[in-house]
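Letter by letter, the chains look like this.
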Amino acid sequence: MATPVMDKVEAESAASPYITVTFRVRRFNPEVSAEATWEDFQLEIDPKERVLDGLHKIKWDLDGTLTFRRSCAHGICGSDAMRINGRNRLACKTLIKDINPEKPITVEPIKGLTVLKDLVVDMEPFFQAYRDVMPFLVTTGNEPTRERLQSAEDRERFDDTTKCILCAACTSSCPVFWNDGQYFGPAAIVNAHRFIFDSRDEAGEQRLEILNDKDGVWRCRTTFNCTDACPRGIEVTKAIQEVKRALITRRF
Amino acid sequence: MKIHKYDTVIVGAGGAGMRAAIESTKRSRTAVLTKLYPTRSHTGAAQGGMAAALANVEEDNWEWHTFDTIKGGDYLVDQDAAEILAKEAIDSVLDLEKMGLPFNRTPNGTIDQRRFGGHSRNHGEAPVRRSCYAADRTGHMILQTLYQNCVKEGVEFFNEFYVLDQLITEVDGVKRSAGVVAYELATGEIHIFQAKAVIYASGGCGKFFRVTSNAHTLTGDGQAAVYRRGLPLEDMEFFQFHPTGIWRMGILLTEGARGEGGILRNKDGERFMEKYAPVMKDLASRDVVSRSIYTEIREGRGCGPEGDHVYLDLTHLPPEQLDAKLPDITEFARTYLGIEPYTDPIPIQPTAHYAMGGIPTNVEGEVLADNTTVVPGLYAAGEVACVSVHGANRLGTNSLLDINVFGKRAGIAAAEYSAKHDYVELPENPAELVVEQVERLRNSTGTERVAEIRRELQDTMDANVMVFRTEQTIKTAVEKIGELRERYRNVAIQDKGKRFNTDLLEAIELGNLLDLAEVMAISALARKESRGGHYREDYPNRDDVNFMRHTMAYREVGDDGTETVRLDYKPVVQTRYQPMERKY
Ligand SMILES: Cc1cc2nc3c(=O)[nH]c(=O)nc-3n(C[C@H](O)[C@H](O)[C@H](O)COP(=O)(O)OP(=O)(O)OC[C@H]3O[C@@H](n4cnc5c(N)ncnc54)[C@H](O)[C@@H]3O)c2cc1C
Ligand code: FES
């Protein structure tokens with residue numbers, strides 16, 4: 001059973017793993033000052049740990065005022081999207097070793113949403129855009145007594161977009177959204193896609209009309225930032241393209 | 001301070017809270033208070049599936065499911081409740097499908113089902129395919145689907161509101177629920193929610209362990225709030241240690257991995273579960289598998305330089321099957337361990353996973369003030385509650401079921417209650433306790449740090465009240481918890497502000513964990529037998545004569561202000577199944 005990879009994992013864990021890194025964190029607290037500033041923290045950390053572990057070390061041992069959201073710590077709940085070294089990621093899914101720990105690691109709030117304190121932003125506009133696309137199954141007629149049937153292929157058709165955890169990494173990486181907060185943004189379109197392409201749903205036309213709006217899907221300029229940012233690996237740009245195509249052909 | 005009035009208030013927006021909200025919003029003016037945005041709740045982390053005897057892929061029925069649940073719970077399950085769970089399972093899965101949940105499908109388009117630990121055909125003959133699933137993201141899909149339907153129903157949420165106290169008013173000698181006190185994270189403002197009915201759906205308390213599958217936010221706030229108001233907690237000594245957490249991190253790798261054919265192996269490559277559970281093997285119930293893993297480790301057959309873990313081997317499964325059925329957990333192995341599960345086994349160890357105990361309720365979700373009396377207007381459902389359908393050990397896939405069946409029941413019952421009753425008067429100065437707690441922490445000049453006390457708490461819990469317990473280890477834990485509770489009085493925070501003060505909330509959450517850890521350890525000390533998740537090396541057998549009963553723990557405050565835990569016991573409801581020895 002001793003395989004090469006396992007030996008590697010175990011050999012690594014035997015040596016002292018700690019390295020010193022600098023976290024350069026964007027701080028903002030309007031109770032204290034109207035200005036946002038950068039603050040550096042030095043910490044000892046195992047490079048196999050997460051950026052979230054680093055933030056916890058700061059909060060728990062150095063500066064209790066550092067404020068960020070988090071819950072699950074393994075990339076499922078969508079609480080801790082932030083800009084790490086200039087890219088949107090989940091702090092709990094980003095290992096120190098993967099982001100060049102020799103240089104200071106910059107951590108800032110995601111862009112395009114109002115910063116409330118340190119890394120915490122106002123998520124309301126984001127969730128409002130989500131709610132606006134009717135993100136729920138709509139059906140008509142009598143309910144069947146058993147489950148609705150759906151073929152495995154029909155189920156597969158929208159599988160990718162069911163993975164969304166509403167972390168806002170995609171929407172807040174989108175230059176169109178930065179310039180105009182009225183734009184629905186990729187996450188809302190992804191969640192519309194999830195229902196438009198669900199064979200059981202009957203409100204595809206309505207959702208397409210919503211996204212046909214001036215702040216809708218046509219604002220997308222296909223920069224692929226969203227796809228790169230998605231921590232769930234959803235092909236966001238592709239989903240948006242499919243919605244655009246459905247709007248033109250009215251076939252979905 | 002703001003005062004709000006609602007017919008029904010729900011505390012928590014995980015699976016149980018939102019399932020309740022969908023019902024109660026249709027019937028009464030409802031507010032859902034949640035410390036996390038609903039979609040951040042830990043229900044979203046559930047992977048494997050939700051049990052229901054749909055019989056879509058092979059013969060099955062709810063009676064077999066009832067039996068498995070009772071046997072899995074080592075006969076501490078209330079059998080009337082288990083029967084409801086298994087019967088209503090079928091509709092609750094169909095409800096979710098109709099709400100839009102994208103289940104995996106069989107070739108003929110029905111909901112697909114797979115095997116899971118402890119679920120069997122015909123009372124233990126062989127594993128049965130009973131778990132309805134959506135890849136290894138079933139909890140995510142349930143949470144999303146319920147939130148989507150809450151949006152559809154226009155459920156009113158108060159996001160990032162922490163409920164910190166339960167208000168109780170005595171009317172004619174009867175304790176009645178008057179509402180709750182909440183702290184608004186964004187502003188630091190304190191809110192009173194007066195309500196005719198309150199439902200706790202605030203989840204588990206696994207964060208008193210270090211190696212755990214639970215989120216940072218699972219700190220038992222709901223359990224602690226009612227306990228501090230003199231209401232009992234049931235069966236808190238029963239905590240489930242899931243066999244397959246990622247080594248050292250505790251991140252869960254679903255039992256579905258073994259349901260799909262994954263095998264546990266020791267350092268010699270031996271499939272050791274064949275020794276401990278000849279029929280169900282790797283799919284024996286969780287307590288059995290976790291103990292087997294630790295037995296292997298203790299007897300020197302653990303893996304790695306320190307021999308402190310074993311392997312979950314998926315390498316014999318086709319990559320396409322892993323991609324289709326277990327995409328998330330294989331990604332966890334790649335992300336957090338740098339391991340490719342197609343070709344290499346994954347290092348795992350048992351991880352603290354699920355609280356079987358909690359706020360005692362009857363099958364309508366009504367909270368009990370003692371063995372028989374209900375607290376009018378107070379309800380609980382989900383992991384925070386103890387109905388008890390899980391007894392001494394919960395079967396995999398029965399919790400996602402529990403939150404749906406009993407979330408729905410509590411939502412309906414609470415709304416019907418609020419339709420028929422008036423508000424109970426608020427106690428005088430209702431915010432007193434919370435104001436005092438918040439001010440004390442904010443103004444404290446003490447020297448103790450929250451993180452340090454929490455670390456020491458988690459260390460003692462992992463070392464002393466995990467998979468194996470003895471009188472000695474539990475006493476060590478009790479003593480340590482006592483010391484930490486003492487030091488907690490002297491805890492100080494650095495953030496003195498009002499805005500998003502998570503420093504303050506972490507301190508309050510730690511206080512809750514300390515209270516509950518004490519209840520757990522003291523309940524465990526008194527239970528001198530081994531049953532389900534509670535294993536005493538000094539009492540390795542189940543003792544039905546003395547301990548076929550639920551523990552009920554109460555907080556007592558002496559005249560001098562000293563707090564103690566008083567234990568009482570409640571009979572188990574047994575209907576048709578006589579206790580038998582549990583073999584897999
Ligand atoms: C990793 C993992 C995998 C699992 N897999 C499965 C599985 O495959 N099948 C299965 O059946 N079970 C599984 N379980 C168990 C199951 O997921 C949980 O027991 C269940 O989801 C709990 O749901 P809940 O609604 O009770 O609580 P949660 O989903 O935890 O929700 C709790 C809610 O309460 C709120 N809250 C907490 N405290 C407060 C407060 N003070 N004030 C206001 N709001 C508060 C939170 O914001 C949250 O909304 C798994 C558990 C874990 C951890
Ligand atoms: S903390 Fe849940 S996604 Fe990172």
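Because the structure is predicted, anything quoted here is derived from the model rather than measured.

## Considering the overall build of chain A
- Per the secondary structure count, chain A includes nine helices and seven strands.
- A principal-axis box enclosing the C-alpha atoms of chain A has dimensions of 65 × 60 × 35 Å.
- Within chain A, contacts between residues at least 6 apart in sequence are counted, and of these 64% link residues at least 24 apart.
- For chain A, the accessible area works out to roughly 10,500 Å², and carbon and sulfur atoms hold 50% of it.

## A look at unusual backbone geometry
- The omega torsion across V387 of chain B and S388 of chain B is 5°, close enough to zero to call that bond cis.
- Here the phi dihedral of N85 of chain A falls at roughly 50°; this positive angle occurs in a residue that is not glycine.
- Note that N85 of chain A resides in the loop between β3 (81–84) and β4 (87–90).

## Observations concerning the environment of E296 of chain B
All names here are of chain B.
- Relative to the helices and strands, E296 resides in helix α8 (residues 286–301).
- In this structure, the C-alpha to C-alpha distance between E296 and A380, residues 84 residues apart in sequence, is 39 Å.
- At 2.9 Å, the side chain of E296 forms a polar contact with the side chain of N266.

## Focus: the UniProt feature "domain: FAD-dependent oxidoreductase 2 FAD-binding" (unreviewed entry) in chain B
- UniProt's entry tags residues 7–400 of chain B with the feature "domain: FAD-dependent oxidoreductase 2 FAD-binding" (unreviewed entry), counted in the numbering of this structure.
- From the first C-alpha to the last, residues 7–400 of chain B spans 27 Å; its make-up is 29% helix and 27% strand.

## Comments concerning the packing of aromatic side chains
- Applying the stated criterion across every chain yields a total of 20 aromatic pairs over all chains.
- Ring geometry for Y130 of chain A versus Y147 of chain B: centroids 6.0 Å apart, planes at 10°, classification stacked. Pair noted here: Y130 of chain A is in helix α3 (residues 124–132) and Y147 of chain B is in helix α4 (residues 138–153), and the two residues belong to different chains.
- The exposure class of Y147 of chain B is buried, given its relative accessible area of 3%.
- With centroids separated by 5.6 Å and ring planes inclined at 75°, the aromatic side chains of F468 of chain B and Y535 of chain B adopt a geometry described as edge-to-face. Of this pair, F468 of chain B sits in the loop between α13 (450–464) and α14 (471–488) while Y535 of chain B sits in the loop between α15 (502–526) and α16 (544–547), placing them 67 residues apart in sequence.
- An aromatic cluster is present here, built from F126, F127 and Y130 of chain A together with Y37, Y147 and F157 of chain B joined pairwise through their rings.
- Lying across the ring of Y342 of chain B, R334 of chain B places its NZ or CZ 5.1 Å from the centre.

## Side note on the interface of chain A and chain B
- Contact residues are listed per partner, giving 72 residues for chain A and 73 residues for chain B.
- Approximately 6,200 Å² of surface area, both sides summed, lies buried where chain A meets chain B, with 52% of it carried by carbon and sulfur atoms.
- One can count eight salt bridges joining chain A with chain B.
- With a closest N to O distance of 2.8 Å, R200 of chain A and E97 of chain B form a salt bridge.
- Our count for the contact surface shared by chain A and chain B stands at 40 residue pairs in polar contact (both at pLDDT 80 or more).

## Some words on helix α3 (residues 79–99) of chain B
All names here are of chain B.
- Taking 1.5 Å of rise per residue, the 21 residues of α3 would be expected to cover 30 Å, and the 30 Å separating its terminal C-alpha atoms lies within 8% of that figure.
- The sharpest bend along α3 measures roughly 40° and falls at A89.
- Of all 21 residues that make up α3, 16 are buried, and the element is covered over most of its length.
- Positive backbone phi, at 115°, marks G100, one or two positions downstream of α3.

## Observations concerning the site of ligand 1
All names here are of chain B.
- The local shell around ligand 1 holds 39 residues, among which S41, T43, E383, S399 and L400 are the closest.
- In this structure, an oxygen atom belonging to ligand 1 sits 2.8 Å away from a main-chain N or O atom of G48.
- A distance of 2.7 Å separates an oxygen atom of ligand 1 from a polar atom in the side chain of E383.
- About the coverage of ligand 1: the protein hides 98% of its 1,000 Å² of free accessible area.
- Among the elements of the structure, α1 (15–27), β2 (30–34), β7 (161–171), β14 (346–355) and α11 (398–420) are those that each provide at least two residues to the shell around ligand 1.

## Description of the sheet that holds strand β1 (residues 19–27) of chain A
Residue and element names in this part refer to chain A.
- Strand order in the open sheet made by the five strands is β2-β1-β5-β3-β4, with mixed pairing throughout. The open sheet has two edge strands, β2 (37–45) and β4, and neither has a second partner. Averaged over all pairs of adjacent strands, the angle between their axes in this sheet comes to 35°, without regard to strand direction.
- Where helix α2 (residues 51–62) meets the sheet, its contacts fall on β1, β2, β3 and β5 (105–108), and the angle it forms with β2 comes to roughly 100°.

## Observations regarding α14 of chain B
- In this model α14 of chain B runs 25 Å from its N-terminal to its C-terminal C-alpha over 18 residues, within 8% of the 26 Å that 1.5 Å per residue would give.
- Considering only its buried residues, α14 of chain B is in contact with α12 (432–443), α13, α15 and β20 (563–571) of chain B.

## Side note on the pattern of salt bridges
- Per the stated rule, a full pass over the model turns up 90 salt bridges over all chains.
- Residue K57 of chain A pairs with E49 of chain A through a salt bridge whose shortest N-O separation is 3.6 Å.
- K408 of chain B is the partner of D95 of chain B in a salt bridge, and the nearest nitrogen-oxygen pair spans 3.0 Å. Taken together, the positions of D95 of chain B in helix α3 and K408 of chain B in helix α11 put the pair 313 residues apart, joining distant regions of the chain.
- One continuous salt-bridge network, built from bridges that share partners, spans D74, E237, D287, R291, R527, E529, R531, R542, D544 and R582 of chain B.

## Some points on the pairing of strand β13 (residues 310–313) of chain B
Residue and element names in this part refer to chain B.
- Bridge analysis of strand β12 (residues 263–265) against β13 gives three bridges, and the strand direction is antiparallel. Looking at β13, one finds that I263 is bridged to D313.
- For β13 and β14, the ladder comprises three bridges, and the chain directions are antiparallel. Across the sheet, residue Y311 finds its bridge partner in β14, namely P347.

## What to know about the nonpolar core
- Counting residues in each nonpolar core, the largest one holds 123 residues, and the members touching the most others are F23 and L55 of chain A.
- Residues C72 of chain A together with L337, M461 and I474 of chain B belong to the second largest nonpolar core, which totals 121 residues.

## Let's talk about the domain arrangement of chain A
Residue and element names in this part refer to chain A.
- One can read the domain layout of chain A as domain 1 (16–121) and domain 2 (124–139 + 150–249).
- Each of domain 1 and domain 2 was reduced to a C-alpha centroid, and the two centroids are 28 Å apart.
- Along the contact surface separating domain 1 from domain 2 lie zero salt bridges.
- Where domain 1 touches domain 2, the interface holds four residue pairs in polar contact (both at pLDDT 80 or more).
- Only β3 and β4 provide two or more residues apiece to the side of domain 1 that touches domain 2.
- Considering every element that reaches the side of domain 1 that touches domain 2, the biggest residue donor is β4, with three residues.
- Partitioning the side of domain 1 that touches domain 2 into residue classes produces six nonpolar, four polar and four charged.

## A short note on the domain arrangement of chain B
All names here are of chain B.
- If you check the domain split of chain B, you get domain 1 (251–351) and domain 2 (432–571).
- Taking the mean C-alpha position of each, domain 1 and domain 2 sit 31 Å from one another.
- With seven residues of domain 1 at the contact, the number on the domain 2 side is seven residues.
- Note on domain 1 versus domain 2: buried area summed over both sides is about 610 Å², and carbon and sulfur give 68% of it.
- Broken down residue by residue, the surface that domain 1 buries against domain 2 is led by R291, Y294 and R298, which jointly contribute 70%.
- Linking domain 1 with domain 2 are one salt bridge, by the criterion used here.
- Here R298 and E537 are joined by a salt bridge, their closest N and O atoms 2.9 Å apart.
- Summed over the shared surface of domain 1 and domain 2, the number is two residue pairs in polar contact (both at pLDDT 80 or more).

Parameters at a glance
- Residue numbers here run from 1 along each chain, matching the order of that chain's written sequence.
- All chains are assigned letters beginning at A, and all ligands numbers beginning at 1, according to the order in which they are written.
- Reporting of local features is limited, given that this is a predicted model, to residues whose pLDDT is at least 70; pairs of side-chain atoms are given and counted only at 80 or more, and all residues count toward the totals for whole chains, interfaces and linings.
- The basis for every side-chain value is the complete set of heavy atoms in the structure, and neither hydrogens nor water enter the calculation.
- Each helix is a run of H or I in the DSSP string that is no shorter than four residues. Each strand is a run of E no shorter than two, and both are numbered from the N terminus.
- The contact definition used throughout considers only heavy atoms, calling two residues in contact when any of these lie within 4.5 Å.
- Here the Shrake-Rupley method, with its probe set to 1.4 Å, supplies the accessible areas, and only the displayed protein chains count as covering residues.
- Contacts described as polar in this section are N or O atom pairs within 3.5 Å, which, within protein, must combine one atom able to donate a hydrogen with one able to accept it, while residues neighboring in sequence count only if both atoms come from side chains.
- UniProt positions are given in the numbering used here, feature names are shortened, and annotations may be inferred rather than shown by experiment.
- Aromatic rings from Phe, Tyr and Trp, taking only the six-membered ring of Trp, are treated as a pair when their centres fall within 6.5 Å; an angle between ring planes under 30 degrees marks them as stacked, one over 60 as edge-to-face, and anything in between as tilted.
- The cut-offs for exposure are 20% and 50% of the maximum accessible area for each residue type, with area from a 1.4 Å probe on protein chains only; residues under the lower value are buried, those over the upper are exposed, and the others partly exposed.
- Ring-over charges, as used throughout, are those where CZ of Arg or NZ of Lys falls within 6 Å of the ring centre and within 35 degrees of the ring normal.
- As a working definition, buried area equals the accessible area (1.4 Å probe) given up by two parts on being put together, with both sides summed.
- Here, a salt bridge means any Lys or Arg side-chain nitrogen found within 4 Å of an Asp or Glu carboxyl oxygen.
- To estimate the expected span of a helix, subtract one from its residue number and multiply by 1.5 Å.
- We define the bend at any residue as the angle between the axes fitted to the seven residues before and including it, ending there, and the seven starting there.
- For this purpose, a residue is taken to be near a molecule or strand whenever a single non-hydrogen atom of the residue falls within 4 Å of it.
- Strands qualify as paired when DSSP identifies two bridges or more between them.
- Axes here refer to lines fitted to C-alpha atoms; in helices the fit is confined to the stretch in contact. Angles between the N-to-C directions go from 0 to 180 degrees.
- Side-chain atoms within 4.5 Å link the members of a nonpolar core, which is a set of buried Ala, Val, Leu, Ile, Met, Phe, Trp, Tyr and Cys residues.
- What marks off one domain from the next here is an automatic or database domain assignment.
- When residues are sorted by character, Ala, Val, Leu, Ile, Met, Phe, Trp, Tyr, Cys and Pro go into the nonpolar class, Asp, Glu, Lys and Arg into the charged class, and all the rest, Gly among them, into the polar class.

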